[in-house]
Every structure is written in structure tokens, then in C-alpha cells.
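# Structural description and commentary
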Amino acid sequence: MSIKGFLKQLRGGIIDNNPVLIQLLGMCPTLATTTSVKNAVGMGLAATAVLICSNILISLLRKFIPKQVRIAAYIVIISGFVTAVELLIKAFFYDLYGALGLFIPLIVVNCIILARAEAFASKNPVLPSAVDGLSMGLGFTFALVLISTVREILGNGTFLGFKLFGDGFSPAIIFILPSGAFLTLGFIVALVQKLSNNAKDKQNARDAAAELAASHPADAAASAGSDNSDKEESK
């Protein structure tokens, strides 16, 4: 895999094809664990580790797993890595383990992980599958951190536990409630879609201009000259 291909795949998972903000997958942990940035980072990194490891193993075994039982096989593989991650978090980050609680073992049924196993890892070699797991995991983590930052700052007046405002600040408690999770997610998804549509419109305009220049160079030159003359007259 080339550096360009690696960066393109990484960008796809984090920005262009973000599993949460674009595909709207993994809504349960997204809404439940984003009350603080610390919890969001912990959940995101745990899911990333499971994504990378499960993608690698599924890619290695893709030619040996019968199609009829592939989903069950994927779940068994994923659950093994989830158990390992859960035990590590419980051993070394017990406070985080207590905060995330049931949502760590529920990574087994996270649709992002199962979707990447079925759609990508089962059809591609090991290295691209590992990069896919990394990119999707970072995209998931990025979305969780973005949502949790808004919720923690507005709902608690803190960031990573550090107080940001004075004693006169009155936090909007709704942002740390389930309804606040839906509101924050909705506004962020709307903003991302708006920015994405604007970028697509600009790209379409550039493509149309390039196509016109290629098919009708004389018209394009005349149009450019007319634009320049209009600018000079306005000056």
C-alpha cells in the first residue's frame, strides 16, 4: 500500500465516510458514553483496538470461513478481542471501566465493527484491512470526542474534568441528559452535512468549468476575458 493510498483511506474513515457523522452507525455508544471527553476517548480507543485486531484476523481467515456461518464466526472473533480489551481496561483503568460499564462488552454487537468485517476485511488483504480498522476507529473516536466536548463544556462547564468558567456560570443540564445527546448529535450531523454539501457544490462547479474548457476552449477563453474586463470596469 502506497502512502497516498494510506492517507486516502485514513481520510475516508475520519472525514469523508465517518461511521457516526456520515453513516450514522454505532448510535448506542455514541449517545450513551459522550457525557465526558474522558469516557468518549476510552470508548473510542477500545473500539479502535477491537476494529484493528478483528479486521486483521478476519482478513487472515477470510478464505477459510464458510460463507454460511461467516457472521457467527465474525462475532466470535470480535467477542474474543472485546473480552481482552475489557480485561485490560478493568485491570489498568478501573475508573474508566466503572464509567463505561455495560458498553464495553456491547462493543461485540457494535454495527461499525461487524459492518467493516463483512464489507471490507472479509474481501481484502491484511494490511488494507488493518488500515481500514484504524481509520474507522479514529473516525469513531473523533466523532465521540466532538460530541462529548460540546456536552461536557455546556452541560458541566468543564473539559477533561478541568473547570473552564467562573462560579457565575450556570451549566445547561440538558446537555448531559439523553435528550441533550440527541440534540448535540443532530446539530453536529446537520453542520457536517452542510459543509459536505458546500464542498461538493464547489467541486462540481470546478469540474463543470474544467469540462467546458476542455470541450470549448474558445468559449472558455472568451468567458474568462469577459470576466476580466468586467473586473477592470468595476475598478
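All values reported here derive from a predicted model rather than from experimental measurement. (Residues numbered from 1 in each chain as written. Predicted model: local features only at pLDDT ≥ 70, side-chain atom pairs only at ≥ 80, totals over all residues. Heavy atoms only, no water.)

## Things to note about a nonpolar patch on the surface
Residues Phe-159, Leu-160, Phe-162, Leu-164, Phe-165 and Phe-169 make up a contiguous nonpolar surface patch of about 560 Å² in total accessible area. Summarising the element assignment, Phe-169 is placed in the loop between strand E2 (162-163) and helix H8 (178-215). (Patch = residues over 30% accessible without salt bridge, like charges linked within 9 Å, V, L, I, M, F, W, Y side chains within 5 Å. Areas by Shrake-Rupley, 256 points an atom, 1.4 Å probe, with all protein chains shown as cover. Salt bridge = Lys/Arg side-chain N within 4 Å of Asp/Glu carboxyl O. Helix = DSSP H or I, 4+ residues; strand = E, 2+ residues; numbered from the N terminus.)

## Brief notes about the environment of Gly-155
With respect to the helices and strands, the residue Gly-155 is situated in helix H7 (residues 126-156). With 120 residues separating them in the primary sequence, Gly-155 and Thr-35 have C-alpha atoms 8.4 Å apart. Among all residues touching Gly-155, those that are not within four sequence positions of it are Val-150, Pro-171, Ala-172, Ile-173, Phe-175 and Ile-176. (Contact = heavy atoms within 4.5 Å.)

## Describing the side chain of Ser-135
By the element assignment, Ser-135 lies in helix H7. One polar contact links the side chain of Ser-135 to the main-chain carbonyl oxygen of Asp-132, over a distance of 2.9 Å. Once you skip the residues sitting within four places of it in the chain, Ser-135 turns out to touch Gln-9, Leu-10, Gly-13 and Ile-14. (Polar contact = N/O pair within 3.5 Å; in protein donor to acceptor, adjacent residues only side chain to side chain.)

## With respect to helix H4 (residues 70-92)
Counted at 1.5 Å a residue, the expected span for H4 with its 23 residues is 33 Å, and the 33 Å between its end C-alpha atoms agrees. The secondary structure elements touched by the buried residues of H4 are helix H3 (37-60), helix H5 (94-100) and helix H6 (111-119). (Expected span 1.5 Å × (residues − 1).)

## Quick look at the packing of H3 against H4
Put simply, H3 and H4 touch, their axes get as near as 9 Å, and they point 140° apart. Considering only the axes of H3 and H4, their crossing is right-handed. The segment H3 lies against H4, with Ala-46, Ala-49, Val-50, Cys-53, Ser-54, Leu-57 and Ile-58 engaging Tyr-74, Ile-77, Ile-78, Phe-81, Val-82, Val-85 and Ile-89. Looking at the contact of H3 with H4, its residues break down into 13 nonpolar, 1 polar and no charged. (Axes fitted to C-alpha atoms, helices over the stretch in contact; angles between N-to-C directions. Left-handed = near helix turned anticlockwise from the far one by under 90°. Nonpolar A, V, L, I, M, F, W, Y, C, P; charged D, E, K, R; others polar.)

## Digging into the nonpolar core
One recurring pattern in soluble globular proteins is that nonpolar side chains are buried together. Core analysis: the largest hydrophobic core is formed by 30 residues, its most contacted members being Val-20, Val-50, Ile-89, Ile-107 and Phe-140. Apart from the residues within four sequence positions on either side, Val-50 is in contact with Ile-78, Phe-81, Val-82, Val-85, Ile-107 and Ile-113. Ile-58, Ile-65, Tyr-74 and Ala-117 belong to the second largest nonpolar core, which has 6 residues in total. (Core = buried A, V, L, I, M, F, W, Y, C linked by side-chain atoms within 4.5 Å. Buried < 20%, exposed > 50% of the residue type's maximum accessible area, 1.4 Å probe, protein only.)

## Quick look at the pattern of salt bridges
Pairs can form between side chains of opposite charge whenever their charged atoms are close. Following the criterion strictly, the structure yields 3 salt bridges and no others. Note that Arg-11 is salt-bridged to Asp-16, the shortest N-O span being 3.0 Å. Its relative accessible area of 47% is what places Arg-11 among the partly exposed residues. Among the salt bridges present, the one from Asp-132 reaches Arg-116, with a minimum N-O distance of 2.8 Å. With Asp-132 in helix H7 and Arg-116 in helix H6, the pair connects residues that are 16 residues apart, well separated along the chain.

## Thoughts on H8
The terminal C-alpha atoms of H8, which comprises 38 residues, lie 55 Å apart, in line with the 56 Å expected from a rise of 1.5 Å per residue. Buried residues of H8: Gly-180, Ala-181, Thr-184, Leu-185, Ile-188 and Val-189, and no others. Of the surrounding secondary structure, the elements contacted by the buried residues of H8 are helix H2 (27-32) and H7.

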